[in-house]
Amino acid sequence: MTAIAENKPAYDGQVLDLSGKSGARAFKNTLATVLIVLAFVIAMIPLLWILITVIGKGYHLLLNADWWSQSQRGITVRRAGGGAYHAIMGTLIMSLITAVIAVPIAVLGAIYLVEYGKGTRAAKIVSFMIDILTGVPSIVAALFVYAVWITVFGFNRVGFAVSLSLVLLMLPVVLRSTEEMLKLVPDELREASYALGVPKWKTILKVVVPTAFGGIVTGVMLGLARVMGETAPLLILVGYSKNINLNPFSGFMGALPTMINQDRTELALPNAADRVWAAALTLILLVLVLNVLARLVARFSAVKSK
Amino acid sequence: MSSPDGTAPPDRPDGTATNHADPAIEDLVHENIGPTPKFGDLAEQHAEHEAAQRSTEVMTETGVEAADSTPAAPETRADADRELALGPVGHLGDRLFGGLARGSGGLVVLIVAFVGIFLLALAIPALADDKSSFLFSRVWNPGGDNPQFGIAALFYTTVISSIIAMLIAVPIAIGVALFVTYYAPKRLASPVAHAVDLLAAVPSIIYGLWGILFFAPILRPVINGLADALGWIPVFEKPPGDDVGVVFTASVVLAIMILPVVTAISREIFAQTPIAHREGALALGATKWEMIRTAVLPYGRSGVVSASMLGLGRALGETVAVLIILSVPNGNDPWNPSIFAGGETFASKIANNAAEFDSPEKTGAYIAAGLVLFVVTFLVNSAARIIVDRSAPGAKRPRRNRRASAAEGASA
């Protein structure tokens, strides 16, 4: 007994503070905090830099009403004037056609995954293919449509071909977000509907989809925002036109990304440079408005799951 | 008691309460209705039910959870489906709508298959005419009587620019994800996350413009410093001429572009770290960083790896930003492996030469290059998916339980 007591380190009268951290550990902790905050700051720099640059250089043309109502018809890189109406309309028309084709397939596909094929092998294959489609680079989607539309069928390079390739890019985005939303719909709602004798398809259309509607709209907007900024398909599948062409099935068509691409080699000329930055700002505005709207819709229509 | 088609095993080792309920119902149906055309469905459902039950049992392994958690859920679902299948109401509508949904699912599969098949079909004739080794040649001269094209140089530039982008983006993305999940004040976290997501909303052509005009000049000292320090390695050797459109610049811009993807996924996985792990670490006296290093990072490791792979896939296929930034070397210049020289990636090469798609042979060469890009991104993305599936939080816990129960068994 005495031996044990003697071996025990003598209590030196100081309060043993276990909550404190040794110097090295505290230093590491501080260092990690600094690095993590630094990573965030570094990540924010390009975003702010890009936004400030594009807004600063592009805003003054946007204040001009001509920008929104005129095309670049007959205007050379050295001359001022004209607007982006042709490109804005081109971008909107092509993305709207894309949405018209992609959204029904995406929503029905998501309904298949959540309501019909749940857990089956077929659904797993579909789900895997959606992941693959998510990863398909836009240039490969464009080449594929080029191969089918132009090489095999012999059609011309038109706006509709661009829409077809954008469908490949928009489809997985909308499908995945719709799937997530449908999964959030509580099973109680479905069961209540079944219990009333409502057939499955009516339950889906009248109960499940309306409940998840806000989320589906969010997904569609995010999908639209993604395809609007795509440039690669435009470069391969349609020529840039300075004139107003609202027909996606014939002739070349203007679009904001190709409008930027058209004049970017002439940035030394002030008029061309102005137009490039104004077009860039217009494009960012379109995409940002869609993004912000999507978030607002998502916030105010979230499925309340218990 | 075994089902008529023999799908269900006659006897089952564990005697949980549910095991007899289902065959009993089935028997009842069998006696009262007899073998109707729907019977196949029922047997199938039964088999499915059993398979599901068995898999949950395997997953939890202890059997305790299986006994008290599974009986109710699959039972009610199966009942609901049975009720529906028997009801005459809405049969046609269901078949139509279900068919539409199934068709859309099938369409997605078809589209992906078509992408591969069409690219392959158009690439093969061109590849057959290729007079040089497609995989190992650096020459790109697809037109004329003696077409020669190889992807070695394209492949090199594509891969090295994407890998550098990943090396830059992943540490920063992990930092941002940790900042959002564990460091930022609660009220700031969500706006910060949205702000990082906005990086993804900026169209790539604007990244390209900004990258070459504003970002490349400030990278010049970095490039010179790196070249001075590491110039003896060929990859870092700076060729003469002050060119801003180099692979390294493109890589940094790519890093910014993939940052939101990697951040978003890492953020999600970090936020899912079980609170018990975190509090356990803190209760043992860990500092915040030690808590993250011992609890959060190991839990999120596979998620971060798959997020990086998805980012890599995105970087491999990025077209326009790279196209604008990279200066294309002259045809006569010797090939330069340096990351401080210009070059072309698959995507930028294809987009750069869209005007050259005039003859089937030339088009075929570019489509062959596109096919290689498709295959590479396919492999990278599949790898990411496999890692996600293997390490999904749902799949992780049972494995840990198994280890825990094994340890318990050993100690007992």
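Reading guide: rules and limits
Residues numbered from 1 in each chain as written. Chains lettered and ligands numbered in written order. Predicted model: local features only at pLDDT ≥ 70, side-chain atom pairs only at ≥ 80, totals over all residues. Heavy atoms only, no water. UniProt positions renumbered as here; feature names shortened; annotations may be inferred. Helix = DSSP H or I, 4+ residues; strand = E, 2+ residues; numbered from the N terminus. 1 Å grid on protein atoms, 1.4 Å probe; cavity = no way out; pocket = protein on both sides within 12 Å on 5 of 7 lines; lining within 4 Å. Points joined across faces, edges and corners; volume = space filled by probe spheres on them. Nonpolar A, V, L, I, M, F, W, Y, C, P; charged D, E, K, R; others polar. Expected span 1.5 Å × (residues − 1). Bend = angle between axes of the 7 residues up to and from the residue. Phe/Tyr/Trp six-rings, centres within 6.5 Å; stacked < 30°, edge-to-face > 60°. Buried < 20%, exposed > 50% of the residue type's maximum accessible area, 1.4 Å probe, protein only. Lys NZ or Arg CZ within 6 Å of the ring centre and 35° of its normal. Contact = heavy atoms within 4.5 Å. Salt bridge = Lys/Arg side-chain N within 4 Å of Asp/Glu carboxyl O. Polar contact = N/O pair within 3.5 Å; in protein donor to acceptor, adjacent residues only side chain to side chain.

**Examining the UniProt feature "transmembrane region" (unreviewed entry) in chain A**
Residues and elements named next belong to chain A. Look at the UniProt record and you will see "transmembrane region" (unreviewed entry) annotated at residues 31–52, 87–114, 126–149, 155–175, 204–225 and 276–298. For residues 155–175, the end-to-end C-alpha separation is 29 Å, with 81% helix and 0% strand making up the annotated structure. Secondary structure content for residues 276–298 is 100% helix and 0% strand, and the end C-alpha separation is 33 Å.

**Observations concerning the layout of surface pockets**
Residues and elements named next belong to chain B. By volume, the second largest pocket amounts to about 800 Å³. Around the second largest pocket, the lining is made up of 34 residues, and of these P329, N330, W335, G342 and G343 lie nearest the centre. Its residues placed into classes, the lining of the second largest pocket shows 18 nonpolar, ten polar and six charged.

**So, the UniProt feature "transmembrane region" (unreviewed entry) in chain B**
Look at the UniProt record and you will see "transmembrane region" (unreviewed entry) annotated at residues 105–128, 148–180, 192–216, 244–265, 303–328 and 365–388 of chain B. For residues 148–180 of chain B, helix accounts for 88% and strand for 6%, while the C-alpha atoms at its two ends are 51 Å apart.

**Here we look at helix α9 (residues 247–271) of chain B**
An α-helix turns once per 3.6 residues; consequently, residues spaced three or four apart project the same way. In this model α9(B) runs 35 Å from its N-terminal to its C-terminal C-alpha over 25 residues, within 8% of the 36 Å that 1.5 Å per residue would give. The largest bend in α9(B) amounts to roughly 40 degrees and is located at I258(B), with the proline P260(B) lying one to four residues further along.

**Let's talk about the packing of aromatic side chains**
By the definition in use, this model includes 22 aromatic pairs over all chains. With a centroid separation of 6.5 Å and an interplanar angle of 55 degrees, the aromatic rings of Y116(A) and F97(B) are classed as tilted. Taken as a pair, Y116(A) in helix α4 (residues 85–116) and F97(B) in helix α5 (residues 91–129) lie in two separate chains rather than in one. By the burial criterion, Y116(A) is buried, and F97(B) matches it. Considering the side-chain rings of F153(A) and F155(A), the 5.8 Å spacing of their centres and the 35 degrees angle between planes classify their relative orientation as tilted. With a relative accessible area of 53%, F153(A) lands in the exposed category. Through successive ring pairs, a cluster of aromatic residues spans Y146(A), F134(B), W140(B), F149(B), F357(B) and Y366(B). It is K200(A) that lies over the ring of Y116(A); its NZ or CZ is 4.9 Å from the centre. In this structure, K288(B) is placed above the aromatic ring of Y183(B), and the distance from its NZ or CZ to the ring centre is 4.6 Å.

**A look at the interface of chain B and chain A**
Each side of the interface is counted separately: chain B has 77 residues, and chain A has 77 residues. Taken together, chain B and chain A are joined by three salt bridges. A salt bridge links D131(A) to R385(B); its shortest N-O distance comes to 2.7 Å. If you look at where chain B meets chain A, you find eight residue pairs in polar contact (both at pLDDT 80 or more). Counting residues per element, the side of chain B that touches chain A draws most heavily on α5(B), at 19 residues. Grouping the amino acids of the side of chain B that touches chain A by side-chain chemistry returns 54 nonpolar, 17 polar and six charged.

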